[in-house]
Amino acid sequence: MLANAIMRVTVTNPTIEVLLGGFEAVATQDTEIAVTGAQASLLIGGVCQPLNHKMVWKKDATLQIMQPMLGARNYIACNKRFKTRLFLDSCCAVTREKTGGMNFDGKGFQVGDVLYYETGISLGATSTNASIDGRLKKVAPDNNLLVHETFTTMPVPATTLAKVYVVRIVLGYQQALFDHKMKVRFFNQRFTVSNEASNMGIRLTGESIGHIAVKLYSEGIANGAIQITPSGLPIVMLAERQTIGGYPKIGSVITTDLPKLGQCRPGSIIQFEECDVL
């Protein structure tokens, strides 16, 4: 993950995900952080800060992430390890399953929550008094506060944010179920992300590519698999997808383009592009 790479910590270090802004928190101790992801205004102590850079978050200063102009999600990484509990080797909050998260109930941060970090690498290490006092609301910036020092880092590739996301896919073995006209309609139109979009998957709206009457046995679904529903419209399956499904799959999004889908919000435009497996 980019934020962890900037902080030069392990890629498995827990991060905070902020969906569509509106995040505010106060540090109780000086902390080094990096914020990546959506194109959003980032303020510390009321002073604008750059995305994709390491910076110092001073004690008692307020961190704010506003609603993004482009993209949907921002990520906050720390130079230490946030204190969390693991479930199936993950600390991710999964609302549907009510697992993970800071309070192990699948919920996101609530107003007044305090997030501690570990003193060492081990999850069993004793926590310090350092913490982040989370308050999920927006406030007007206080421009009288001091600017905090920002450190530059080597350039690190970031997910491209756009009004139209070109997403590359590899056709799957079930492509034979789709005739030439169906494939033309699929690749030559722009789909719109519907309101039914989550970490489980993204349902798209647009012109139907046609209906496949063949009944299939349910089988395992890969991250990024594109199912075509009876309405002839696609659903892109994501990280929290169900384990099996029986809709025909035209192909799968390549791994390097999956982060683009994570930055889509309702109304975002997606156009699929076929690519070779090599």
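Everything discussed here concerns the structure shown above.
Okay, so let's go over this structure. (Residues numbered from 1 in each chain as written. Predicted model: local features only at pLDDT ≥ 70, side-chain atom pairs only at ≥ 80, totals over all residues. Heavy atoms only, no water.)

**Quick look at the side chain of Ser268**
Stage number 1. One can find Ser268 in the loop between helix H3 (258–262) and strand S20 (269–274).
Stage number 2. Residue class for Ser268 comes out buried when judged on its relative accessible area of 10%. (Helix = DSSP H or I, 4+ residues; strand = E, 2+ residues; numbered from the N terminus. Buried < 20%, exposed > 50% of the residue type's maximum accessible area, 1.4 Å probe, protein only.)

**Focus: the side chain of Arg73**
Stage number 1. Position of Arg73 relative to the elements: it lies in strand S8 (residues 70–78).
Stage number 2. Looking at Arg73, its side chain comes within polar contact range of the main-chain oxygen of Gly262, at 2.6 Å.
Stage number 3. Apart from the residues lying within four places of it in its own chain, the contact partners of Arg73 are Glu17, Val18, Leu19, Thr36, Gly37, Ala38, Asn199, Gly262, Gln263 and Cys264. (Polar contact = N/O pair within 3.5 Å; in protein donor to acceptor, adjacent residues only side chain to side chain. Contact = heavy atoms within 4.5 Å.)

**Remarks on the environment of Val193**
Stage number 1. Position of Val193 among the secondary structure elements: in strand S13 (residues 191–197).
Stage number 2. Counting along the chain gives 77 residues from Val193 to Ile270, while the straight-line C-alpha distance between them is 7.4 Å.
Stage number 3. Those residues in contact with Val193 that lie beyond four places of it in its chain are Ile202, Arg203, Leu204, Cys264, Arg265, Pro266, Gly267, Ser268 and Ile270.

**As for the sheet that holds strand S19 (residues 249–253)**
Stage number 1. Taking strand neighbours around the barrel as the criterion, the 7 strands line up as S12-S19-S16-S17-S14-S13-S20 in a closed arrangement whose pairing is mixed. Geometrically, the sheet is characterised by an average inter-axis angle of 40 degrees between neighbouring strands, direction not taken into account.
Stage number 2. Each of strand S12 (164–171), S13, strand S16 (225–228), strand S17 (234–237), S19 and S20 is contacted by helix H2 (residues 180–187), which is oriented at about 130 degrees to S20, the strand it contacts most. (Pairing = 2+ DSSP bridges. Axes fitted to C-alpha atoms, helices over the stretch in contact; angles between N-to-C directions.)

**Overview of the nonpolar core**
Stage number 1. Phe186, Ile226, Leu261, Ile270 and Phe272 are the most contacted members of the largest nonpolar core, which has 26 residues in total.
Stage number 2. Elements with a minimum of two residues in this core: S12, H2, S13, strand S14 (201–205), S16, S19, H3 and S20.
Stage number 3. With 4 residues, S12 is the largest single contributor of residues to this core.
Stage number 4. Other than its neighbours up to four places away in sequence, Leu261 contacts Val167, Ile202, Val236, Leu238, Val253 and Ile270. (Core = buried A, V, L, I, M, F, W, Y, C linked by side-chain atoms within 4.5 Å.)

**Here's the deal with the pattern of salt bridges**
Stage number 1. Enumeration over the complete set of coordinates arrives at 8 salt bridges.
Stage number 2. A salt bridge links Arg73 to Glu17; the shortest N-O distance between them is 3.5 Å. Taken as a pair, Arg73 in strand S8 and Glu17 in strand S1 (residues 16–19) lie far apart in primary sequence, 56 residues in all.
Stage number 3. The exposure class assigned to Arg73 is buried, which follows from its relative accessible area of 10%.
Stage number 4. Residue Glu17 is classed as partly exposed on the basis of its relative accessible area of 39%. (Salt bridge = Lys/Arg side-chain N within 4 Å of Asp/Glu carboxyl O.)

**Some thoughts on the state of the cysteines**
Stage number 1. A complete count under the given rule lists 0 disulfides for this structure.
Stage number 2. Of all cysteine sulfurs in the structure, the one in Cys91 sits closest to Cys92, which takes part in no disulfide; the separation is 7.2 Å.
Stage number 3. You can call Cys92 partly exposed: its relative accessible area is 39%. (Disulfide = S-S within 2.5 Å.)

**Structural notes on H2**
Stage number 1. Within H2, the full set of buried residues consists of Met182, Phe186 and Phe187. For H2, the angular spread of buried residues about the axis comes to 120 degrees, placing them on one side. More than 90 degrees from the buried face of H2, the exposed residues found are His180 and Lys181.
Stage number 2. Those residues of H2 that are buried lie in contact with S12, S13, S16, S17, S19 and S20.
Stage number 3. Here H2 starts with a cap whose side-chain oxygen sits 3.1 Å from the backbone nitrogen of Lys181, and that cap is Asp179. (Arc of directions from axis to C-beta.)

**Re the environment of Arg85**
Stage number 1. Within the secondary structure layout, Arg85 lies in the loop between S8 and strand S9 (114–118).
Stage number 2. C-alpha separation for the pair Arg85 and Asn103, spaced 18 residues apart in sequence, amounts to 8.2 Å.
Stage number 3. Among residues more than four places away in sequence, those in contact with Arg85 are Ser90, Cys91 and Phe104.

**Remarks on unusual backbone geometry**
Stage number 1. Positive phi values are uncommon outside glycine, yet Asp60 reaches one of about 70 degrees.
Stage number 2. Locating Asp60 in the fold gives a position in the loop between strand S6 (54–57) and strand S7 (62–65).
Stage number 3. Classification of Asp60 by relative accessible area gives exposed; the value is 58%.
Stage number 4. One non-glycine residue, Lys98, adopts positive backbone phi at about 55 degrees.
Stage number 5. With respect to the helices and strands, the residue Lys98 is situated in the loop between S8 and S9.

Without other data, these values stay purely geometric and don't point to any function.
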